[in-house]
Amino acid sequence: MAKMYYNGDANKNYLNGKTVAVIGYGSQGHAHALNMRDSGVNVVVGLRKGKSWEKAEQDGLKVYSVGEATAQADVVMVLLPDEMQPKVYKEEIEPNLTNQALMFAHGFNVHFNQIVPPKESDVLLVAPKGPGHLVRRTYQEEAGVPALFAIYQDVTGEAKELALSYTQAIGSLRAGALETTFKEETETDLFGEQAVLCGGLTSLVKAGFETLVEAGYQPELAYFECLHELKLIVDLMYEGGLEGMRYSISDTAQWGDFVSGPRVVNDDVKKEMKAVLKDIQEGRFAKGWILENQANRPEFNAINEREKEHPIELVGRELRKMMPFVNKDKKKEVVASAS
Ligand code: NDP
Ligand code: MG
Ligand code: MG
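Residues numbered from 1 in each chain as written. Chains lettered and ligands numbered in written order. Predicted model: local features only at pLDDT ≥ 70, side-chain atom pairs only at ≥ 80, totals over all residues.

- The name given to the chain in an unreviewed UniProt entry is Ketol-acid reductoisomerase (NADP(+)), with the source organism recorded as Robertmurraya mangrovi.
- What UniProt records for the chain under Sequence similarities (unreviewed entry) is the sentence "Belongs to the ketol-acid reductoisomerase family." (UniProt positions renumbered as here; feature names shortened; annotations may be inferred.)

Written out as structure tokens, the structure is:
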């Protein structure tokens, strides 16, 4: 078993008297800033004028331009969208760095050389393994979302102490943290979201829905079967692993799981997963995404529009209108979780 870190492993005084600048106030940004503030850390937020700025001020935080926040901080946590980070870093963060520790929640830009940190700074990442809105909600419930941390550069010799203290302040050491590297975090995060959590899942759901509808079954029923019910199953897996889920389903369902599951996700699928992983490891995925952004996302936008019109979305939109309880207060989390 890998070493897990919990609250007792952190020096909870390490951030005392230090200022942490949280750059960005989106899904992760608001959660890190508010959790740290509630943990007694001196937090400032760095933003451009706009919606997030207003929101952070309404939440009682001190907000500055990205440059001003960076300049006054001891620790700078970059929580901007990954594709915006290189430009904002170059123009507003880097010119204001003296020897602040530089932190990220995802290794993408450093690992793929889109941000080259200065030699004088400690560079590390703390990546909660969950959507930002849950990082905030679980903190308020005295719980937490597990996290990864990694040290890229340790100039002061204190990088690990900072990583653990930060992880504790956002509540993640209540759930446990695991040490990794920028390379491992980046590659596994991209693989997880592409092959399993987001890409694998949406494709599995759509294929199941289409199979039923093309065979003449009612789309509403197919929606309940292949999408709605998934959450109930995933909740059981979250609580008790595969065994816990299988304990709750019928033996018929469990037998079907054993005999048909491997026919659907078969060796060909796994071969394709390995190819997806290779594209990530060799930088091809990163290169395509960087170029797509430089071209103003023509393909991203085209696919996004087409996906919104998929029959599962049309039928789902109607059905969810009659189930206001399923997305009350939660809509944002669902949107934010695909990160
Ligand atoms: P969001 O898209 O939710 O955050 C956007 C924030 O950045 C907004 O506050 C936005 O402000 C601000 N912003 C955007 N452009 C600029 C700019 N030019 N100058 C100043 N502020 C700007 O990001 P996420 O929280 O999803 O992601 C942040 C990091 O966390 C990423 O590295 C991501 O990989 C990582 N991560 C995210 C997870 C998640 O749950 N989403 C999970 C784990 C890691 P405005 O309102 O002005 O647009
Ligand atoms: Mg992730
Ligand atoms: Mg990600």
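## A short note on the overall build of the chain
Then, number 1: Secondary structure assignment for the chain yields 17 helices and 9 strands.
Then, number 2: Against the compact-globule benchmark of 20 Å for 339 residues, the chain has a radius of gyration of 22 Å, which places it among compact chains.
Then, number 3: Dimensions along the principal axes, computed over C-alpha positions, put the chain at roughly 65 × 45 × 40 Å.
Then, number 4: Summarising the internal contacts of the chain: among those between residues at least 6 apart in sequence, 67% fall at separations of at least 24. (Helix = DSSP H or I, 4+ residues; strand = E, 2+ residues; numbered from the N terminus. Rg over C-alpha atoms; globule rule 2.2 N^0.38 Å. Contact = placed C-beta atoms within 7 Å.)

## Concerning unusual backbone geometry
Then, number 1: Here the phi dihedral of Asn-113 falls at roughly 60°; this positive angle occurs in a residue that is not glycine.
Then, number 2: Its location among the elements puts Asn-113 in the loop between helix H5 (108-111) and strand E7 (123-128).
Then, number 3: At Asn-296, a residue that is not glycine, the phi angle is positive and equals roughly 65°.
Then, number 4: Along the polypeptide, Asn-296 turns up in the loop between helix H13 (284-294) and helix H14 (298-308).
Then, number 5: Residue Asn-296 is classed as exposed on the basis of its 8 C-beta neighbours within 10 Å. (Buried ≥ 20, exposed ≤ 12 C-beta atoms within 10 Å, placed from the backbone.)

## Focus on helix H9 (residues 199-214)
Then, number 1: With 16 residues, H9 should reach 22 Å at 1.5 Å per residue; the first-to-last C-alpha distance of 22 Å fits that figure.
Then, number 2: Once H9 ends, the next one or two residues include Gly-216, with phi positive near 100°. (Expected span 1.5 Å × (residues − 1).)

## Brief notes about the domain arrangement of the chain
Then, number 1: The assigned domain composition of the chain is domain 1 (4-181) and domain 2 (192-336).
Then, number 2: Measuring from the centre of the C-alpha atoms in domain 1 to the corresponding centre in domain 2 gives 30 Å.
Then, number 3: Listed per partner, the contact involves 9 residues of domain 1 and 7 residues of domain 2.
Then, number 4: Per-element accounting of the side of domain 1 that touches domain 2 gives the leading share, 3 residues, to helix H6 (residues 132-140). (Domains from an automatic or database assignment.)

## With respect to the UniProt feature "active site" (unreviewed entry) in the chain
Then, number 1: UniProt records the feature "active site" (unreviewed entry) at His-106, using the numbering of this structure.
Then, number 2: When near neighbours in sequence (up to four residues on either side) are disregarded, His-106 contacts Asp-82, Leu-125, Ala-127, Thr-186 and Asp-189.

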